[in-house]
Amino acid sequence: MPLEAFVYGGLSAVFAEFVSYPLDSCKIRLQVQGQITDETLTAIKYRGTLHTLRSVTFEEGFASLFNGFRFAALRQATYGTLRFGIFFTGKSMWNKRGGSDKNLPFLVSLGVTAGVIGSVITTPIDRMKVLAQSTPQARKKTIVSTFRKIYSKGGISGLYQGKWPNAKRAAVVNGVEIPCYVFVKDGLTHNLGWEDSMKTQFLAALITSAVGICFSQPFDTAKTRIMQQKTYRTDIRVYEGFLDMCRLTISNEGRRALWKGAFPAWCRNGPWNVAFYLSLEQFRKFDQWAHKRDHSYF
């Protein structure tokens, strides 16, 4: 099976992660604060994206906004490679059999499948990333030392803590965002007559980001809070799962708390998707040129 979609998808994902990472760190800080289940996180320290950026930069240094980037890069090199590789390979096989890009149910189911497979496999890396981003002390932690610490306190189950909320989030994100980009770009080019240019790709990526955040933010908040918990502590209330987290959050903080960090998430997700899809489209052109074919494999 050709590997172009996997390789180019992974490279584009790592590049996009680097561009948007500080905003992702802000989102994590906003999501974990305000929880009454852990007294160390009850206080509301940050008030919005700009305040978080300013506070972290002045109090901990700008480098703290890149806490855990090594985990994020590793995650995208694996998770990004898998989810985009599986999706675009499946889409290519579908097209070769006469399937249409306008078959939205197929694209959604393919995105869900790719997201779940990629997220379950890479949950340990994702958990290490969340822990590194939520605490300033984690700056100097290496991948190996963080892995050992989590494993020593929780074993295999500790490494996979939050795997199902993570899988649910990935199913929603990939089931919405990847098909949305394909569907929107196809609509702009075929229905409105736009050229398949960077302007079209830019607009499709921004629309994709907004739609994705609307659907996925509650799942993202659940994933962050459950992964961030130190379950070995006996003095905190541990969430029993996604529904339990939602129930406690709504009863203690209100429904809007499920969308905590939505604006920084969009501020981060917008540039991420723009950087990803613009670079992926360049790889697509390179693939056509390198293999001297009319259409890219993916």
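The structure under discussion appears in the preceding block.
For every chain, the first residue of the written sequence is number 1, and numbering continues from 1 onward in sequence order. Whole-chain, interface and lining totals are the exception, using all residues; otherwise, since this is a predicted model, local features are given only for residues with pLDDT of at least 70 and side-chain atom pairs are given and counted only at 80 or more. Only hydrogens and water are removed before side-chain values are computed, so all heavy atoms of the structure are retained for them.

Caption draft 1: Expanded view of the overall build of the chain. Counting from the N terminus, the helices are DSSP H or I runs at least four residues long and the strands are E runs at least two residues long. Each helix and strand in the chain was counted, giving 10 helices and 0 strands. Along the chain, from the amino end to the carboxyl end, the secondary structure elements read α-α-α-α-α-α-α-α-α-α. Based on C-alpha atoms, the radius of gyration is set beside the globule rule, defined as 2.2 Å times the residue count to the power 0.38. The C-alpha atoms of the chain give 19 Å as radius of gyration, which agrees with the globular expectation for 298 residues (19 Å, within 12%). Its C-alpha atoms put the chain at 60 × 35 × 35 Å along the principal axes. Accessibility here uses a 1.4 Å probe with only protein chains present; expressed as a share of the type maximum, an area under 20% marks a residue as buried, one over 50% as exposed, and anything in between as partly exposed. Out of the 298 residues in the chain, the part that is buried amounts to 56%.

Caption draft 2: Quick look at a nonpolar patch on the surface. Where nonpolar side chains cluster on the molecular surface, the patch consists of Leu3, Val7 and Leu11 and spans about 270 Å² of accessible area. As for its position among the elements, Leu3 is in the segment before helix 1 (4-32). Within the patch definition used here, like charges are joined within 9 Å and nonpolar side chains (Val, Leu, Ile, Met, Phe, Trp, Tyr) within 5 Å, considering only residues with over 30% relative accessible area and no salt bridge. All accessibility values rest on the Shrake-Rupley procedure with a 1.4 Å probe; residue burial counts only the protein chains present in the view. Salt bridges are counted wherever a side-chain nitrogen of Lys or Arg sits within 4 Å of a carboxyl oxygen of Asp or Glu.

Caption draft 3: Spatial organisation of helix 4 (residues 104-121). To estimate how far a helix should extend, the number of its residues minus one is multiplied by 1.5 Å. For helix 4, built from 18 residues, the straight-helix expectation of 26 Å at 1.5 Å per residue is met to within 8% by its first-to-last C-alpha distance of 26 Å. Here, residues are in contact when the closest pair of their heavy atoms is within 4.5 Å. Elements that come into contact with the buried residues of helix 4 comprise helix 3 (69-96), helix 5 (123-134) and helix 7 (163-191). Between N or O atoms, a polar contact is any pair within 3.5 Å; within protein, one atom must be a potential hydrogen donor and the other a potential acceptor, and residues adjacent in sequence are included only when both atoms are from side chains. N-capping of helix 4 is provided by Asn103, with a side-chain oxygen placed 3.2 Å from the backbone N of Phe106.

Caption draft 4: Highlighting the pattern of salt bridges. This structure, assessed with the given rule, holds 17 salt bridges. Ionic pairing is found between Lys185 and Glu281, a salt bridge with its closest N-O pair at 2.9 Å. You can see Lys185 sitting in helix 7 and its partner Glu281 sitting in helix 10 (residues 262-291), a full 96 residues away along the chain. Per residue, the accessibility class of Lys185 equals that of Glu281, and both read buried. A salt bridge links Lys223 to Asp220; the nearest nitrogen and oxygen atoms lie 3.9 Å apart.

Caption draft 5: Summary view of helix 2 (residues 49-60). Helix length check: helix 2 (12 residues) gives 16 Å between terminal C-alpha atoms against 16 Å at 1.5 Å per residue, within 8%. Gly61 sits one or two residues past helix 2 and shows a positive phi near 95 degrees.

Caption draft 6: Representation of the packing of aromatic side chains. Side-chain rings of Phe, Tyr and Trp, where Trp is taken by its six-membered ring, are said to pair if the distance between their centres is within 6.5 Å; with planes under 30 degrees apart they count as stacked, over 60 as edge-to-face, and otherwise as tilted. Scanning all chains against the criterion turns up 18 aromatic pairs. With a centroid separation of 5.9 Å and 35 degrees between ring planes, the pair formed by Phe18 and Phe66 is classed as tilted. With Phe18 in helix 1 and Phe66 in the loop between helix 2 and helix 3, this pair connects stretches of sequence that are 48 residues apart. Here Phe18 falls in the partly exposed class, since its relative accessible area comes to 47%. One aromatic cluster is present, built from ring pairs that chain together Phe18, Tyr21, Phe62, Phe66 and Phe69.

Caption draft 7: Quick look at the environment of Arg83. In this structure, Arg83 sits in helix 3. Placed 29 residues apart in sequence, Arg83 and Val112 show a C-alpha to C-alpha distance of 9.2 Å. Once residues lying within four places of it in the same chain are set aside, the contact partners of Arg83 are Ala114, Val173, Asn174 and Trp272. At 2.8 Å, the side chain of Arg83 forms a polar contact with the side chain of Asn174.

Caption draft 8: Summary view of the packing of helix 1 against helix 10. Only C-alpha atoms enter the line fits that serve as axes; for helices the fit covers just the stretch in contact. Angles between N-to-C directions range over 0 to 180 degrees. Two elements in contact, helix 1 and helix 10, have axes whose closest approach is 8 Å; the angle formed by their N-to-C orientations is 165 degrees. One element, helix 1, and the other, helix 10, form an angle in the roughly antiparallel class. Of the two elements, helix 1 crosses helix 10, and the hand of that crossing is right-handed. Charged means Asp, Glu, Lys or Arg here, nonpolar means Ala, Val, Leu, Ile, Met, Phe, Trp, Tyr, Cys or Pro, and polar covers whatever is left, Gly included. Broken down by class, the residue content of the contact of helix 1 with helix 10 amounts to 17 nonpolar, 5 polar and 6 charged. Under this scheme an angle from 65 to 115 degrees is roughly perpendicular, one under 35 degrees roughly parallel, and one over 145 degrees roughly antiparallel; angles in between are oblique. Left-handed describes a crossing whose near helix is turned anticlockwise from the far helix through less than a right angle; right-handed describes the clockwise counterpart.

Caption draft 9: Seen up close, the nonpolar core. Of all hydrophobic cores here, the largest spans 25 residues; its most connected members are Phe84, Phe87, Phe88, Phe276 and Tyr277. Looking at this core, the elements with two or more residues in it are helix 1, helix 3, helix 4, helix 7, helix 8 (198-228) and helix 10. If you tally residues by element for this core, the top one is helix 10, at 7 residues. With sequence-adjacent residues up to four places away left out, Tyr277 is seen in contact with Phe84, Glu177, Ile178, Tyr181 and Ala205. Within this scheme, the nonpolar core is defined by two criteria: the residues are buried Ala, Val, Leu, Ile, Met, Phe, Trp, Tyr or Cys, and they are joined through side-chain atoms within 4.5 Å. Counting 8 residues, the second-largest nonpolar core is a separate cluster that includes Ala222, Ile226, Phe242 and Met245.

Caption draft 10: Spatial organisation of the side chain of Thr49. For Thr49, the position within the fold is in helix 2. Among the residues examined, Thr49 registers a relative accessible area of 8% and is labelled buried. If we ignore the near neighbours within four places in the chain, the residues touching Thr49 are Leu23, Cys26, Leu30, Phe263 and Pro264.

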